[in-house]
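# Summary of structural features
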Amino acid sequence: MSLSLSVLSEDLLARVYGFLHPPCRKTWRLVSREFHRVDSLSRTSIKILRVEFLPLLLLKYPNLSSLDLSVCPKLDDDVVLRLPSNGAVSIKSLNLSRATSLRARGLETLARLCRGLERVDVSHCWGFGDREAAAISVAAGLREVRLDKCLSLSDVGLARIVLGCNNLKKISLKWCMEISDLGIDLLCKKCKNLRSLDVSYLKITNDSMRSIALLPRLEVLDMVNCPLVDDDGLEYLENGCPLLQEIDVTRCERVSLSGVVSIVRGHPDLQHLKASHCVSEVSLSFLQNIKALKHLKTLWIDGARVSDSSLLTLSSSCRSLTDIGVSKCEGVTDIGMTGLARNCLNLKTLNLACCGFVTDAAICAVTQSCRNLETLKLESCHMITEKGLESIGCYSKYLQELDLTDCYGVNDRGLEYVSKCSNLLSLKLGLCTNISDKGMFHIGSKCSKLLELDLYRCSGLGDDGLAAISRGCKSLNRLIISYCGELTDTGVEQIRQLENLTHLELRGLKNITGAGLAAAACGCKKLDYLDLKKCENIDDSGFWALAYFARNLRQINLCYCSVSDTALCMLMSNLSRVQDVDLVQLNRLSVEGSEFALRACCNRLKKLKLFAPLRFLLSSELLEMLHARGCRIRWD
């Protein structure tokens, strides 16, 4: 007995559509006209790759609430001015990250078209300045603004945003180097509903901390590497920000234990405390005050001096901890870690990187007590052997991320144990010189969910091992095999099986040729990042294949490659989405070839690395054109 799909109402089809994974929705659209219509009406988010389709797609999907234009290299004011007036009414979230060609006129037009706009991201738009800030201030309903690394933004532009959008709840000003205490003071006075504030890397002083302390609803404060803020500044927070739940003072060089203690003392409901590389030691006063944080879930004290007794006291007082960072902490031993594991049974993330005295005993204690562990970072823990890895494989069934970079004791038997963690999503084995193809067979056969694999400088990796990974880990989207000197075309050709691969690093593979690259490019059509630096034996045939198959590439490194004028011109012409290119020490490339290649892609480049002498050999017209399009050039 068959059931016709025509009896299902549009509402029921929409509910079924809601359960589908994104890759399945493309197939759904092809079933019938009715399914296609349901897709058009139900879709709420879209990421545009080619701006020429933007007007049509806005009309096709009338209920979009999220629009991502961050990967459109040709997005500029002219494109925005041609958009239909009723095509973006429902959009609430707009991602314009790295849209460096978009200026004030285009931004204001977008702000007016998206009448219900609540969130905008213009991070890494280095040309975004005060005029552009004034343009987005037209969207009075904004609740969240991300301005990371908008290097031209000053207090004047921030003031325009603050005065136009005084209902802001979240703002990120990371790396906005022109913002001073004056801008932060105005922000804090006008946006009393602010709940999340990021002022990382700003040269603000204690005056800004006094202003921030007056925010009555602030819950999250990130101030990584604020070099001019000291303990006196943090003391203002002790009696301010009554709802504060999360603070990050990592690498604030003038902040000491005293400043951190003042934060802890004033906020007993604090849940996340990140004080890496600013707390010199875990002292008695720190331990006495942290006992009051009964709800503390995250504690980062990387780089501090600790003792076994202090870790025991800390863990017995804060049993709700789920994320602990003690990387590069002097004094971390098996005794302290065993006590911590016994007390913090809900631990999910543990960072022990560069804790050289931690042995298998600590790892066994952690894995046997903390059965919900999801992330374990053991970089440069040289005393970890296959015994510790056996315990990880036996007890950490929920482990998703494991970092074993530069761990001398990792071998093939250890990888056999690790492969039992079938839920692994990320595995880092860089600089592990004692692993071979045999270990890769275990990973490839059992870790089918793996998304990221780092095998940097794994000298024992050969073609057979890479083939095993390519056969078994079909979900991989990030693969690093740089400087694995035994690899040849035979192994690299197997990468073509990884159809979901987006990030591939082949740096320093001197045995691969154009044939190997061509095979990989043919199968990995989703690649958006490719590092070929010092792949000296790849000839033009490989680059021709790359130009034909790798149309989604956004970033490519060709330094020290043997690419010719003709191949580079074809490559730059065909890669319609490329935005970041490194072209240093190309011995077969002439000045004329460089000129033609750059002209072929100058309207979409955002970052460019060139050989320093070319600064005086390329035409001034080309360099001015690149600058006008928002491209930043680094001369090396």
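Because the structure is predicted, anything quoted here is derived from the model rather than measured. (Residues numbered from 1 in each chain as written. Predicted model: local features only at pLDDT ≥ 70, side-chain atom pairs only at ≥ 80, totals over all residues. Heavy atoms only, no water.)

Bringing helix α11 (residues 231–238) into the picture now. Each turn of an α-helix holds 3.6 residues, which means side chains three or four residues apart point in the same direction. Taken residue by residue, α11 has D231, G233, L234, L237 and E238 as its buried positions. Where α11 is buried, its residues meet α10 (206–212), β8 (220–222), β9 (246–248) and α12 (257–266). The backbone nitrogen of D232 lies 3.0 Å from a side-chain oxygen of the residue at the head of α11, namely D230. (Buried < 20%, exposed > 50% of the residue type's maximum accessible area, 1.4 Å probe, protein only. Helix = DSSP H or I, 4+ residues; strand = E, 2+ residues; numbered from the N terminus. Contact = heavy atoms within 4.5 Å. Polar contact = N/O pair within 3.5 Å; in protein donor to acceptor, adjacent residues only side chain to side chain.)

A few words now on the layout of surface pockets. Reported here for the largest pocket is a volume of approximately 1200 Å³. Around the largest pocket sit 24 residues that line it, and K26, R43, K47, L49 and K526 are the ones nearest its centre. Put simply, the parts of the chain that give the lining of the largest pocket at least two residues each are α2 (22–29), β1 (45–47) and α4 (54–60). No other element matches the five residues that α2 contributes to the lining of the largest pocket. For the lining of the largest pocket, the class distribution of residues is eight nonpolar, six polar and ten charged. Taken as a whole, the second largest pocket holds about 600 Å³ of empty space. Mapped by element, the contributors of at least two residues to the lining of the second largest pocket are β22 (580–583), β23 (607–610) and β24 (632–635). Class assignment of the residues belonging to the lining of the second largest pocket gives a composition of five nonpolar, five polar and eleven charged. (1 Å grid on protein atoms, 1.4 Å probe; cavity = no way out; pocket = protein on both sides within 12 Å on 5 of 7 lines; lining within 4 Å. Points joined across faces, edges and corners; volume = space filled by probe spheres on them. Nonpolar A, V, L, I, M, F, W, Y, C, P; charged D, E, K, R; others polar.)

What follows covers the packing of aromatic side chains. Applying the stated rule across the entire model yields three aromatic pairs. When the ring of Y548 is compared with that of F549, the centres are 4.9 Å apart and the planes differ by 90°; the resulting orientation is edge-to-face. A residue is classified by how much of its surface remains accessible, and Y548, at 53% relative accessible area, is exposed. Directly above the ring of W300 sits K274, whose terminal nitrogen or CZ lies 4.5 Å from the centroid. (Phe/Tyr/Trp six-rings, centres within 6.5 Å; stacked < 30°, edge-to-face > 60°. Lys NZ or Arg CZ within 6 Å of the ring centre and 35° of its normal.)

Note that β22 and β23 share four bridges and pair parallel. Residue pairing in the sheet places V581 in a bridge with L608 of β23. On the question of chirality, the crossover connecting β22 to the parallel β23 by way of helix α25 (residues 591–601) is right-handed. As judged from the four bridges shared by β23 and β24, these two strands associate in the parallel manner. Residue pairing in the sheet places K609 in a bridge with R634 of β24. (Pairing = 2+ DSSP bridges. Right-handed = clockwise from strand over helix to strand, strands pointing away.)

Our next topic: a positive patch on the surface. Residues R98, K149, K607, R632 and R634 make up a contiguous surface patch of positive charge. One can find R98 in the loop between β3 (93–95) and α6 (104–113). We classify R98 as partly exposed; its relative accessible area is 38%. (Patch = residues over 30% accessible without salt bridge, like charges linked within 9 Å, V, L, I, M, F, W, Y side chains within 5 Å. Areas by Shrake-Rupley, 256 points an atom, 1.4 Å probe, with all protein chains shown as cover. Salt bridge = Lys/Arg side-chain N within 4 Å of Asp/Glu carboxyl O. Lys, Arg positive; Asp, Glu negative; His and termini not counted. Charge placed at Lys NZ, Arg CZ, Asp CG, Glu CD.)

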